[in-house]
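# Inside the fold
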Amino acid sequence: KRYILLRGGCPLKIQTLEYLITLAESHSINEAAQKLYISQPSLTKALQLFEKEIGVQLFLRNKAGIQLTAAGKSILPEVKQVVSYYNHWLSLSNQRSPQVVDVFIQASFPNFLLPDVILDFKKRHPDIQVNCEITATPELHISQNVKRPALALFVCTKGNPAEAYSREQGNPPLILFQGEYCCLVNKHSRLAGRTSITPADLREYYLALRSHLDSPSLPLAPALNNIIPIVSPAHIIHMESVDSIINLVQSHTDVYALSYYPILMRYEGVAVGELTYIPFEADYTKGDFCLFYSEQACRQYPALQELVQAIQDASEQFLSETG
């Protein structure tokens, strides 16, 4: 945890000061909460506790939103200075690069983004060991450990909201993509002409899943929880790899898979029109593909910040290339 001491030895999180800066740069608490990827009540509580601690009201709340009080305007430059000092102190660490970085990516997205990014990173930083693991539960590896930083990439949906993971991480994630899980089918499937779909529409079709998803992992659970109950066990096909699933869907009109848009645009079959994707009518499949990382570790290790930025740049390039 990152704290400073107030008069009387009371601890104050650096994160609270970062919240205040974001609030001051926003028009409303709701807008600030969205920027920070935390709930509005959590942000309000943090502000109220800080105002109570120092005995000064910092913001005025009205129908138009929020604005700084005279006291708030007075201390804001000092708050920014304290955060700046803290970041500078971190930069003075003798260890300018981590020895090991662990990267965990959701199992639905093997061979996406990371291979090229990590190879390029290794060429620039041969002394840093990078462990990349494909896992069904990357959210379990979120960590504030600065000595051995970890990156976790996965889709956050209503069933596994980013807010909870942001609290665990200590800072909001980078949102790499905003999208949703869709039904991926052969272009000749009877489903192909639909503009949207429901789980009931899939009753007669075969669902192709990766073998390790027999028990739905958190990232896919919101979609699977609504589909699995109506799918006969005889209509579930377990495959060893994503590539084998895509090949099966492309070869058969009665097979479908769950795939995340826009990442599904990487498949050649989608690009050439052999495969088509159909969104679900409900919003439980919508979610953000997020990169969770420690801002504190990035401040201490410029190389780690470089890796985070490279992943973000690769995501933006992918969107640009796929339209």
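In what follows, the structure referred to is the one given above.
What you see is a predicted model, and the numbers here were worked out from it, not measured in a lab.

Right, let's talk about the overall build of the protein for a bit. Scanning the protein for helices and strands turns up eleven helices and 13 strands. Looking at the protein as a whole, 50% of its 323 residues are labelled buried. Nonlocal contacts in the protein, meaning residues at least 24 apart in sequence, comprise 76% of its contacts between residues at least 6 apart. Counting every atom, the protein has about 15,900 Å² of accessible surface; 50% of that belongs to carbon and sulfur.

Further remarks concern the nonpolar core. Ranked by internal contacts, the top residues of the largest apolar core, which has 35 residues, are Phe109, Leu151, Leu153, Phe177, Phe289, Leu291 and Ile311. Elements with a minimum of two residues in this core: strand S5 (100–106), helix H5 (114–124), strand S7 (150–157), strand S8 (174–186), strand S13 (286–292), helix H10 (295–300) and helix H11 (302–322). The leading source of residues in this core is H11, at seven residues. Core analysis: the second largest hydrophobic core is formed by 23 residues, Ile14, Leu47, Leu68 and Tyr86 among them.

A few words on empty space enclosed by the protein. Empty space among the atoms becomes visible once a probe the size of a water molecule is rolled across them. This structure, assessed with the given rule, holds two cavities of 30 Å³ or more. Around the second largest cavity sit Leu20, Leu58, Phe59, Leu68, Gly72, Ile75, Leu76 and Val79, which together line it. For the lining of the second largest cavity, the leading source of residues is helix H4 (residues 70–91), giving four residues. Grouping the amino acids of the lining of the second largest cavity by side-chain chemistry returns seven nonpolar, one polar and no charged.

The subject of this paragraph is the layout of surface pockets. What the second largest pocket holds in volume is close to 240 Å³. Considering the residues around the second largest pocket, the lining is formed by 17 residues, among which Glu18, Thr22, Leu36, Pro172 and Glu295 are closest to the centre. Mapped by element, the contributors of at least two residues to the lining of the second largest pocket are helix H1 (14–24), helix H2 (29–36), H4 and H10. Here the element with the most residues in the lining of the second largest pocket is H1; it accounts for five residues.

Moving on: the side chain of Glu51. Tracing the chain through its elements places Glu51 in helix H3 (residues 40–54). For Glu51, a relative accessible area of 12% translates into the label buried. Polar contacts involving the side chain of Glu51 include one to the side chain of Arg61, which spans 3.5 Å. In contact with Glu51, other than residues within four places in its own chain, are Val56, Gln57, Leu58, Phe59 and Arg61.

With that settled, consider the packing of H1 against H3. The contact between H1 and H3 brings their axes to 10 Å, and the two run at 110°. The angle between H1 and H3 falls in the class roughly perpendicular. Contact residues: H1 offers Thr16, Leu17, Tyr19, Leu20 and Leu23, while H3 offers Leu43, Ala46, Leu47 and Phe50. The residue inventory of the contact of H1 with H3, partitioned by class, reads eight nonpolar, one polar and no charged.

Our focus in this paragraph is unusual backbone geometry. In this structure, the amide linkage connecting Tyr261 to the following residue, Pro262, adopts the cis form with an omega of 20°. Here Pro262 lies in the loop between strand S11 (255–261) and helix H9 (268–271). One non-glycine residue, Leu113, adopts positive backbone phi at about 70°. Secondary-structure assignment places Leu113 in the loop between S5 and H5.

The next subject is helix H6 (residues 162–169). When H6 is considered as a whole, its buried residues turn out to be Ala162, Tyr165, Ser166 and Gln169. Mapping the buried residues of H6 onto a view down its axis gives an arc of 105°, with all of them on the same face. Taken together, the buried residues of H6 touch S7 and S13. Of the residues trailing H6, Gly170 is marked for its positive phi of about 95°.

Time to look at the pattern of salt bridges. Taken as a whole, this structure holds eleven salt bridges when the rule is applied. With its nearest N and O atoms 2.7 Å apart, the salt bridge here joins Asp102 to Arg148. Here Asp102, found in strand S5, pairs with Arg148, found in the loop between strand S6 (129–135) and S7; they are 46 residues apart in sequence, far enough to count as distant. Between Glu295 and Arg299 there is a salt bridge, and its shortest N-O distance comes to 3.6 Å. Taken together, the positions of Glu295 and Arg299, both in helix H10 and four residues apart, correspond to about one turn of that helix. Look at Glu295 and you get partly exposed, because its relative accessible area is 21%. On the basis of relative accessibility, which here comes to 21%, the residue Arg299 falls in the partly exposed class.

Parameters at a glance
- Residues numbered from 1 in each chain as written.
- Predicted model: local features only at pLDDT ≥ 70, side-chain atom pairs only at ≥ 80, totals over all residues.
- Heavy atoms only, no water.
- Helix = DSSP H or I, 4+ residues; strand = E, 2+ residues; numbered from the N terminus.
- Buried < 20%, exposed > 50% of the residue type's maximum accessible area, 1.4 Å probe, protein only.
- Contact = heavy atoms within 4.5 Å.
- Areas by Shrake-Rupley, 256 points an atom, 1.4 Å probe, with all protein chains shown as cover.
- Core = buried A, V, L, I, M, F, W, Y, C linked by side-chain atoms within 4.5 Å.
- 1 Å grid on protein atoms, 1.4 Å probe; cavity = no way out; pocket = protein on both sides within 12 Å on 5 of 7 lines; lining within 4 Å.
- Points joined across faces, edges and corners; volume = space filled by probe spheres on them.
- Nonpolar A, V, L, I, M, F, W, Y, C, P; charged D, E, K, R; others polar.
- Polar contact = N/O pair within 3.5 Å; in protein donor to acceptor, adjacent residues only side chain to side chain.
- Axes fitted to C-alpha atoms, helices over the stretch in contact; angles between N-to-C directions.
- Parallel < 35°, antiparallel > 145°, perpendicular 65-115°, else oblique.
- Arc of directions from axis to C-beta.
- Salt bridge = Lys/Arg side-chain N within 4 Å of Asp/Glu carboxyl O.

Without other data, these values stay purely geometric and don't point to any function.
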